[in-house]
Amino acid sequence: MGIRKLFGRKKEKEKPDEKSVEVIEEAAEDAPAEKAEVLPVEEAIEGPEEESIAAEIGATVPYHDSFPNRLLYMFSAEPGAGVEAPDEFSLEFMAMGERFYFAKAAMGEIEFKTGTITDEDVFIRIGEDVVKDLLAAATFSEFSTIYLRYYKNPEPGKFVKIELRKPVGDLNKRGYARVPLLKLLIGTAR
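Residues numbered from 1 in each chain as written. Predicted model: local features only at pLDDT ≥ 70, side-chain atom pairs only at ≥ 80, totals over all residues. Heavy atoms only, no water.

A. Structural context of the overall build of the chain. A tally of helices and strands in the chain yields nine helices and five strands. N-terminal to C-terminal, the α/β element order of the chain is α-α-α-α-α-β-β-β-β-α-α-β-α-α. Every one of the 190 residues in the chain was classed for burial, and the buried ones make up 35%. Considering only intrachain contacts with a sequence separation of at least 6, the fraction spanning at least 24 residues in the chain is 57%. Counting every atom, the chain has about 11900 Å² of accessible surface; 53% of that belongs to carbon and sulfur. (Helix = DSSP H or I, 4+ residues; strand = E, 2+ residues; numbered from the N terminus. Buried < 20%, exposed > 50% of the residue type's maximum accessible area, 1.4 Å probe, protein only. Contact = heavy atoms within 4.5 Å. Areas by Shrake-Rupley, 256 points an atom, 1.4 Å probe, with all protein chains shown as cover.)

This is the structure:
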């Protein structure tokens, strides 16, 4: 329905161009409104560089189907900023019935492997329900809040247990305190 019909105005003598424009306008108004397609962040953003930029500007963390994938993403995004420094680390996890670890040699790349590692810096056990909550966290801030809540106040079936295998002073000298994600994972974030 045209604007003129809504307000009850009479049409002046139409020129052929105006009539075709009005027909197009009426067809557009009568057509059902289509919603704009909103892609999930992981589909809208391609490549690790763009994903880290999205995390830096406060975008939500994309969906991940496993806890190791969530951590890998966070190491490459803002929470893992500074991890490329020459420091080395090794974190072993027990989550969802699996053992896996993240390790980085001095000036090397971050490695993720299943199984155990010898001489790890930290051993972290996370309850299944907490892993589900951590996977559902939309932002790093929410992830941090959940992680620290169950570290400080464990509940039956919901816990984060952190065993430092090396003194925290040594870990901080090697760069744990400079990387927000590492600082959180070893329980020193406030």
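Here the narrative resumes, following the displayed structure.
B. Main features of the sheet that holds strand β1 (residues 89-95). The strand order across the open sheet formed by five strands is β3-β2-β1-β4-β5, and the pairing between neighbours is mixed. Pairing within the sheet leaves two strands with one partner each, and these edge strands are β3 (110-114) and β5 (160-164). In this sheet, neighbouring strand axes are inclined to one another by 15° on average, regardless of whether the strands run parallel or antiparallel. Inspection of the sheet shows β1 paired to strand β2 (residues 98-104) by seven bridges, in the antiparallel sense. Across the sheet, residue E92 finds its bridge partner in β2, namely Y101. Of the strands in this sheet, β1, β2, β3 and β4 (122-126) touch helix α5 (residues 67-76), which is tilted by about 15° from β2. (Pairing = 2+ DSSP bridges. Axes fitted to C-alpha atoms, helices over the stretch in contact; angles between N-to-C directions.)

C. The pattern of salt bridges, seen in detail. The final tally for this structure, using the stated rule, is seven salt bridges. With a closest N to O distance of 2.6 Å, R99 and E92 form a salt bridge. For the salt bridge of R165 with E120, the shortest nitrogen-to-oxygen distance reads 2.4 Å. Residue R165 is found in the loop between β5 and α8 (168-173), and its partner E120 is found in the loop between β3 and β4; the two are separated by 45 residues along the sequence. (Salt bridge = Lys/Arg side-chain N within 4 Å of Asp/Glu carboxyl O.)

D. Focus on the nonpolar core. Judged by nonpolar contacts, the single largest core of 37 residues is most densely connected at F67, L91, F93 and I126. For this core, the secondary structure elements donating two or more residues are α5, β1, β2, β4, α6 (128-136), α7 (140-152), β5 and α9 (180-185). Discounting residues that sit within four places of it in the chain, L91 has contacts with F75, F100, Y101, F102, V122, Y176, L182, L185 and I186. (Core = buried A, V, L, I, M, F, W, Y, C linked by side-chain atoms within 4.5 Å.)

E. A look at the side chain of D121. Residue position: D121 is located in the loop between β3 and β4. Those residues in contact with D121 that lie beyond four places of it in its chain are E88, F89, S90, E163, L164, R165, K166, L171, R174 and Y176.

F. Just the packing of aromatic side chains, in detail. Under the defined criterion, the tally for this structure stands at 13 aromatic pairs. Between F67 and F93, the ring centres sit 6.1 Å apart and the planes meet at 75°, which makes this aromatic pair edge-to-face. A residue pair is termed long-range when its members are at least 10 positions apart, and F67 in helix α5 and F93 in strand β1 qualify at 26 residues. Each ring, one from F75 and one from F89, has its centre 5.6 Å from the other, and the planes form 20°; the classification is stacked. On the criterion of sequence distance, the pair formed by F75 in helix α5 and F89 in strand β1 is long-range, its members being 14 residues apart. The exposure class of F75 is buried, given its relative accessible area of 5%. F89 gets classed as buried once you look at its relative accessible area, which sits at 6%. Within the aromatic cluster, the residues linked to one another by ring pairs are F67, F75, F89, F93, F100, F102, F112, F140, F143, Y147 and Y176. The cationic tip of K161 hangs over the ring face of F159; the distance from NZ or CZ to the ring centre is 5.3 Å. (Phe/Tyr/Trp six-rings, centres within 6.5 Å; stacked < 30°, edge-to-face > 60°. Lys NZ or Arg CZ within 6 Å of the ring centre and 35° of its normal.)

G. Structural view of the pairing of β3. Of the pairings in the sheet, the one linking β2 to β3 comprises five bridges and is antiparallel in character. Bridging from a neighbouring strand, K104 pairs with I110 of β3.

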